[in-house]
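Given next are the chains, with one letter for each unit.
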Amino acid sequence: MTLRLEASATKFERDMAKVVGVVQKASGAMQARARTATTKIEQSFSGLGIGVAALATRTMPALAAAFSAKEFIDSIATFTKIQNGLKVAGLSGDDLARTFDAIYASAQKNGVAIDDLAKLYSRVAQLQKGLSANSQSVAKFTDGVAVALRVAGTSSTEASGALLQLSQLLGAGTVRLEEFNSVNEGARPILEAVAAGLQEAGGSVANLRKLVEAGKVSSAAFFQAFLAGLPTLEAKLKDASDTTDSAMTRMKNAFIKAAGAIDEATKASSAIIYVLDLVTAGAEKAGSAFTKFGEVAGRVFRNPGNIPIPTTDAMGAPLPDYNQPSTTQPAGDYSNMRFYNVFETNF
């Protein structure tokens, strides 16, 4: 047991040394890039008489409090998920970059979480054939929904749920009352725009509800009616005001975009993944060793009478019999040492 535990510990130490080396190497590269970037920023601000040090003194404490290391990693993960979602929608290269920028601009303008808005775009883009839509109308629809959420003053949590229900509504083929009610609770201005754009509804959400109850509103008709009713939403923007929630959402959006840009430039997430995988592998090996220890201990202490007491260790050397009197050890109870002999040969 002792030899194997020491071997496992030594291997774990070597793995951890690799982790430290990777972190130090990545840190050195990032510090070098930071120094270069700082010099360039200093040159940019020099004409205004503002130094980076002074700028950092005024702004960085607040940013550091809001943007922890965990949030940086989470922001990279969110950015990656957004990119992957847009790729699933068939975007790549310049088209992907332009679409992301458009979604980001809409999210910032309206104080909506960019990841929720990007999910909506991706889902609608995959449904566009059934909605008689194209990439331009999908982009217009997504921006219009962001405007509707701003008009409604919906919180980020409420907006997330409403957007999920909206995407399900569009994918159902026929608008169902369950999703209709969920959108009504979380983002009613969306339904107001649809009612305004659907001739049969006559601008009334109550009439629109009756049509939905009768199963007379298709997902495609809902989509096209929303686009037709968008001007009514835009007219309501003048009465919409910002909230602290929307301001925080814009800041988080900016962090996500910044973290994504940093990751693309430095490949930080690749280093983080490598480090975490090394730590996981070391923990799994250590966990296996202690699991084995627990199994042997359980067998010994549950029913020690059925465990044969070995007389030699793994190398063939004789083990002392603690049940017999000893001329070199003081008198006493050594019965517990028998368990050590069992561990020595079973672990």
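Each chain has its residues counted from 1, running along the sequence as written. Local features in this predicted model are restricted to residues whose pLDDT is 70 or higher, and side-chain atom pairs enter the listing and the counts only when it is 80 or higher, whereas totals over whole chains, interfaces and linings include all residues. Side-chain metrics rest on all non-hydrogen atoms present in the structure, leaving aside hydrogens and water.

Peer 1: Requested: an account of the overall build of the protein chain, with residues and values cited.
Peer 2: Helix and strand content of the protein chain: 14 helices and 0 strands. Every helix listed is a DSSP run of H or I at least four residues long, and every strand listed is a run of E at least two residues long, numbered separately from the N terminus. Scanning the protein chain from its N terminus toward the C terminus, one meets helices and strands in the order α-α-α-α-α-α-α-α-α-α-α-α-α-α. Buried residues are those whose accessible area, probed at 1.4 Å on protein chains only, stays under 20% of the maximum for their type, while exposed residues exceed 50% and partly exposed ones sit between those limits. The 347 residues of the protein chain split such that 33% are buried. Put simply, of all contacts in the protein chain between residues at least 6 apart along the chain, 70% involve residues at least 24 apart. Surface accessibility of the protein chain: about 19800 Å² in total, with carbon and sulfur atoms responsible for 57%. The contact definition used throughout considers only heavy atoms, calling two residues in contact when any of these lie within 4.5 Å. With residues, only the protein chains shown are counted as cover, and all accessible areas are computed by Shrake-Rupley using a 1.4 Å probe.

Peer 1: Talk me through the pattern of salt bridges; I want residue IDs and the actual numbers.
Peer 2: Here, a salt bridge means any side-chain nitrogen of Lys or Arg that lies within 4 Å of a carboxyl oxygen of Asp or Glu. Inspection of the entire model under this criterion finds 6 salt bridges. Between Asp-95 and Arg-98 there is a salt bridge; the shortest N-O distance is 2.5 Å. Taken as a pair, Asp-95 and Arg-98 lie in helix α4 (residues 93-110) at a separation of 3 residues, close to a single helical turn. What you see here is one network of salt bridges that share partners, running through Arg-188, Glu-192 and Lys-236.

Peer 1: Can you explain helix α9 (residues 188-197)? Please cite residues and give values.
Peer 2: Note that an α-helix has 3.6 residues per turn; residues three or four places apart therefore point the same way. If you check which residues of α9 are buried, you get Pro-189, Ile-190, Leu-191, Ala-193, Val-194 and Ala-195. Close packing links the buried residues of α9 with α6 (135-152), α7 (156-171), α8 (177-186), α10 (205-213) and α11 (219-236).

Peer 1: Let's hear about the packing of aromatic side chains: which residues, and what values?
Peer 2: Two rings belonging to Phe, Tyr or Trp (six-membered ring only in the last case) form a pair when the distance between their centres is within 6.5 Å. Interplanar angles under 30 degrees mark stacking, angles over 60 mark edge-to-face geometry, and anything in between is tilted. Counting across every chain of the model gives 4 aromatic pairs. Each ring, one from Phe-141 and one from Phe-226, has its centre 4.9 Å from the other, and the planes form 65 degrees; the classification is edge-to-face. Of this pair, Phe-141 sits in helix α6 while Phe-226 sits in helix α11, and the two are 85 residues apart along the sequence. Assigned by exposure class, Phe-141 and Phe-226 land together as buried. Members of the aromatic cluster, joined through ring pairs, are Phe-79, Phe-100 and Tyr-104.

Peer 1: Outline unusual backbone geometry, listing residues and values.
Peer 2: Despite not being glycine, Ser-132 has its phi angle at roughly 55 degrees, a positive value. What makes Ser-132 exposed here is its relative accessible area of 59%.

Peer 1: I'd like a description of the nonpolar core, backed by residues and values.
Peer 2: Core analysis: the biggest nonpolar cluster contains 57 residues, and Phe-141, Phe-222 and Phe-226 have the highest contact counts within it. Discounting residues that sit within four places of it in the chain, Phe-222 has contacts with Leu-166, Leu-169, Leu-170, Val-175, Ile-190, Leu-191, Val-194 and Val-217. By nonpolar core is meant a set of buried Ala, Val, Leu, Ile, Met, Phe, Trp, Tyr and Cys residues that side-chain atoms within 4.5 Å join together.

Peer 1: Give a detailed account of the packing of α4 against helix α5 (residues 114-126), specifying residues and quantitative values.
Peer 2: A pair of packed helices can be characterised by two numbers: the angle between their axes and the separation between those axes. Note on geometry: axes are lines fitted to C-alpha atoms, helical ones only across the stretch in contact, with angles between N-to-C directions running from 0 to 180 degrees. Taken N-terminus to C-terminus, the directions of α4 and α5 make an angle of 130 degrees; their axes are 9 Å apart at the nearest point. What the angle tells us is that α4 and α5 run oblique. Handedness of the α4/α5 crossing: right-handed. From α4, Thr-99, Phe-100, Ile-103, Tyr-104, Ser-106 and Ala-107 reach across to α5, where they touch Ile-114, Leu-117, Ala-118 and Tyr-121. By the convention adopted, Pro, Cys, Tyr, Trp, Phe, Met, Ile, Leu, Val and Ala count as nonpolar, Lys, Arg, Asp and Glu as charged, and the other residues, Gly among them, as polar. By residue class, the composition of the contact of α4 with α5 is 8 nonpolar, 2 polar and no charged. Under this scheme an angle from 65 to 115 degrees is roughly perpendicular, one under 35 degrees roughly parallel, and one over 145 degrees roughly antiparallel; angles in between are oblique. The sense of a crossing depends on the near helix, which, turned anticlockwise from the far helix by less than a right angle, makes the crossing left-handed and, turned clockwise, makes it right-handed.

Peer 1: Go over the packing of α6 against α7, please, and point to the residues and values.
Peer 2: Following both chains from N to C, one finds α6 and α7 inclined at 140 degrees, their axes separated by 12 Å at the closest point. Between α6 and α7, the angle falls in the class oblique. Here α6 and α7 pass one another in a crossing that is right-handed. Taken together, the residues of α7 that come into contact with α6 (itself represented by Phe-141, Val-145 and Leu-149) are Ala-159, Leu-163, Leu-166 and Leu-170. Looking at the contact of α6 with α7 residue by residue, the classes come out as 7 nonpolar, no polar and no charged.

Peer 1: If you had to explain the environment of Gly-90 to someone new, which residues and values would you point to?
Peer 2: Note that Gly-90 resides in the loop between α3 (69-88) and α4. On a C-alpha basis, the gap between Gly-90 and Ala-125 in space is 8.4 Å, while along the polypeptide they are 35 residues apart.

Peer 1: Tell me what's going on with the confidence of the model for the protein chain, and back it up with residues and numbers.
Peer 2: Note: predicted coordinates in regions of low pLDDT should not be interpreted at a detailed level. The score called pLDDT rates the predictor's confidence residue by residue, from a low of 0 to a high of 100. Chain-level statistics for the protein chain give a pLDDT mean of 76 and a share of 59% at 70 or above. Segment residues 1-9 is flagged for pLDDT under 50; beyond a separation of four residues in sequence, or across chains, it makes 8 contacts in the model. Predicted confidence is poor over residues 47-53, with pLDDT under 50, and the contacts of this stretch with residues over four places away or in other chains come to 7 contacts.

Peer 1: Outline α5, listing residues and values.
Peer 2: To estimate the expected span of a helix, count its residues, drop one, and scale the result by 1.5 Å. With 13 residues, α5 ought to run about 18 Å at 1.5 Å a step, and its terminal C-alpha atoms sit 18 Å apart, in line with that. Along α5, the positions that sit buried rather than exposed are Ile-114, Asp-116, Leu-117, Ala-118, Leu-120, Tyr-121, Ser-122, Val-124 and Ala-125.

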